[in-house]
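So you can see what is in the structure, the chains are spelled out below.
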Amino acid sequence: MTVPNITLNNGVSIPQLGFGVWQVPAEDTEQVVLTALEVGYRSIDTAQAYHNEEGVGQALRASGLPREEVFITSKLWNEFHGYDDALRTFDESLRRLGVDYIDLFLIHWPVTPLDRYVEAWRALERVYSEGRARAIGVSNFNVDHLTRLFDETETVPALNQIELHPEFIQTELREFHAKHGIATEAWSPLGQGRGLLDRPELAQIGAKYGKTPAQVTLRWHLQLGNIVIPKSVTPSRIRENFQVFDFTLDEEDMARINALDSGRRLGPDPATFIGF
Ligand code: NAD
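Residues numbered from 1 in each chain as written. Predicted model: local features only at pLDDT ≥ 70, side-chain atom pairs only at ≥ 80, totals over all residues. Heavy atoms only, no water.

Draft legend 1. Summary view of the overall build of the protein. Along its length, the protein carries 10 helices and 10 strands. For 276 residues, the compact-globule estimate of 2.2 N^0.38 gives 19 Å, and the protein sits close to it at 18 Å. Its C-alpha atoms put the protein at 55 × 40 × 35 Å along the principal axes. By the burial criterion, 54% of the 276 residues in the protein qualify as buried. Of the contacts formed within the protein by residues at least 6 apart in sequence, a portion of 75% connects residues at least 24 apart. Surface summary for the protein: the accessible area is close to 11500 Å², and the carbon and sulfur share equals 47%. (Helix = DSSP H or I, 4+ residues; strand = E, 2+ residues; numbered from the N terminus. Rg over C-alpha atoms; globule rule 2.2 N^0.38 Å. Buried < 20%, exposed > 50% of the residue type's maximum accessible area, 1.4 Å probe, protein only. Contact = heavy atoms within 4.5 Å. Areas by Shrake-Rupley, 256 points an atom, 1.4 Å probe, with all protein chains shown as cover.)

Pasting the structure below:
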């Protein structure tokens, strides 16, 4: 199966389907990521705060894949928004991953009450200009945060990674991204495997195609144009989540899934979250 690429606003390509490792224990990360690479995933989403960047790097080396075939994302943690802290911890991420460049580096949260994300962004612009990050972006930014970066800095983020799943479909923010050339990446694309995957609508739609609720949900994302990074530590599910390129949801299915939107977040609100 071939995963389509999305071209970011600086010409760099990112696979539309990747693999997330939040809450994968450090000691399991190498094996879990190796399984994902064997299945065919070529994009891994980690973060300083996940404490498993080392395991991602170990899996990359153990896979024998050339560095340039695997797209690696990591994220600046919230307490490092000062310019110097951001540069220092970026270097630490590279060291933990065992790489000399990263494909995509994100500001993990705006940490709105701290109000230093513009300063952090300037540090990311620097590592980008040095070629040590092939692309830079943000996560959990809303329209106000993005507008401030447009007004006060030189570089439009390549991507915004946001909570996005059928129960929280983020129509306004996705449209804003599209207007400004920012790719939309969905975190918790399966709704964290909580209530979403038990919705009967997803099982009913899946029955039409011989697909599971998780596969239907990922397909919905792909057809909306979202980049997705589902997480699992279970090999059969890691494989299942990759088998999403051999069917197409029709317009009626897409509308039924859109109707699951409740407007409720699973995660914190970017307007207030501090996180440290
Ligand atoms: P997810 O929506 O990917 O759900 C993962 C959970 O769903 C698994 O733990 C498992 O319980 C279940 N699951 C997975 N595959 C399944 C299947 N085929 N059938 C049934 N159940 C299945 O949740 P997530 O891990 O929160 O999000 C994915 C990734 O997004 C993370 O690993 C991380 O990389 C990223 N993320 C980023 C942020 C951020 O602030 N930027 C926040 C949360 C997550």
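There is more to say, and it comes next.
Draft legend 2. Region of interest: the site of the ligand. Around the ligand, a shell composed of 27 residues is seen, among which Asp 45, Ser 139, Gln 161, Ser 188 and Leu 190 lie nearest. Between Asn 140 and the ligand, the recorded distance is 2.9 Å, taken from a side-chain N or O atom to an oxygen atom. One of the backbone nitrogen or oxygen atoms of Gly 191 is found 3.3 Å away from an oxygen atom of the ligand. More than half of the atoms of the ligand fall within 2 Å of the grid points belonging to the largest pocket. By residue class, the composition of the shell around the ligand is 11 nonpolar, 11 polar and 5 charged. (Near = heavy atom within 4 Å. Polar contact = N/O pair within 3.5 Å; in protein donor to acceptor, adjacent residues only side chain to side chain. 1 Å grid on protein atoms, 1.4 Å probe; cavity = no way out; pocket = protein on both sides within 12 Å on 5 of 7 lines; lining within 4 Å. Sits in = over half its atoms within 2 Å of the grid points. Nonpolar A, V, L, I, M, F, W, Y, C, P; charged D, E, K, R; others polar.)

Draft legend 3. Seen up close, the side chain of His 145. Within the secondary structure layout, His 145 lies in helix H5 (residues 143–152). A polar contact of 3.0 Å, which involves the side chain of His 145, links it to the side chain of Thr 112. Ignoring any residue separated from it by four or fewer positions in sequence, one finds His 145 in contact with Pro 110, Thr 112, Tyr 117, Asn 140 and Pro 270.

Draft legend 4. Inspection of the packing of helix H3 (residues 83–97) against helix H4 (residues 117–129) at higher detail. Running from N to C, H3 and H4 cross one another at 45°; their axes reach a closest spacing of 8 Å. By the angle class used here, H3 and H4 are oblique. As for the relative orientation of H3 and H4, their crossing is right-handed in sense. Contacts between H3 and H4 involve Tyr 83, Ala 86, Leu 87 and Phe 90 from the first element and Glu 119, Arg 122, Ala 123, Arg 126 and Val 127 from the second. Its residues assigned to classes, the contact of H3 with H4 comprises 6 nonpolar, no polar and 3 charged. (Axes fitted to C-alpha atoms, helices over the stretch in contact; angles between N-to-C directions. Parallel < 35°, antiparallel > 145°, perpendicular 65-115°, else oblique. Left-handed = near helix turned anticlockwise from the far one by under 90°.)

Draft legend 5. Fine view of the pattern of salt bridges. For the coordinates displayed, the defined rule picks out 17 salt bridges. In this structure, Glu 130 engages Arg 126 in a salt bridge whose closest nitrogen and oxygen atoms are separated by 3.0 Å. Linked by salt bridges that have partners in common, Asp 91, Arg 126, Glu 130 and Arg 132 make up one network. (Salt bridge = Lys/Arg side-chain N within 4 Å of Asp/Glu carboxyl O.)

Draft legend 6. Looking closely at the pairing of strand S9 (residues 183–187). Of all 5 residues making up S9, 5 are buried, and the element is well covered by its neighbours. Residues Ala 183, Glu 185 and Trp 187 line one face of S9 and the alternating positions Thr 184 and Ala 186 line the opposite face, and both faces are buried. Of the pairings in the sheet, the one linking strand S8 (residues 159–163) to S9 comprises 5 bridges and is parallel in character. Paired with Leu 159 across the bridge in S9 is Ala 183. (Pairing = 2+ DSSP bridges.)

Draft legend 7. Inspection of the pairing of strand S7 (residues 133–139) at higher detail. Of all 7 residues in S7, 6 are buried, a share of seventy percent or more. In terms of strand pairing, strand S6 (residues 102–107) meets S7 through 5 bridges, oriented parallel. If you follow Ile 107 over to S7, its bridge partner there is Val 138. Two elements, S7 and S8, share 2 bridges in a ladder whose sense is parallel. Paired with Val 138 across the two strands is Asn 160, which belongs to S8.

Draft legend 8. Geometry of helix H2 (residues 53–63). When H2 is considered as a whole, its buried residues turn out to be Glu 53, Gly 55, Val 56, Gly 57, Ala 59 and Leu 60. Those residues of H2 that are buried are in contact with helix H1 (26–39), strand S4 (43–45), strand S5 (71–76) and H3. Positive phi appears at Gly 64, one or two residues downstream of H2, with a value of about 75°.

Draft legend 9. Up close: the packing of aromatic side chains. Scanning all chains against the criterion turns up 9 aromatic pairs. An angle of 50° between the planes, with centres 4.8 Å apart, marks the rings of Tyr 41 and Phe 242 as tilted. Linking Tyr 41 in the loop between H1 and S4 with Phe 242 in the loop between helix H9 (235–240) and helix H10 (251–258), this pair joins segments that are 201 residues apart in sequence. Both residues of the pair, Tyr 41 and Phe 242, count as buried. Ring geometry for Phe 150 and Phe 176: centres 6.0 Å apart, planes at 15°, overall stacked. Of this pair, Phe 150 sits in helix H5 while Phe 176 sits in helix H6 (residues 171–180), placing them 26 residues apart in sequence. Over the face of the ring belonging to Phe 247 we find Arg 219, whose NZ or CZ atom lies 6.0 Å from the ring centre. (Phe/Tyr/Trp six-rings, centres within 6.5 Å; stacked < 30°, edge-to-face > 60°. Lys NZ or Arg CZ within 6 Å of the ring centre and 35° of its normal.)

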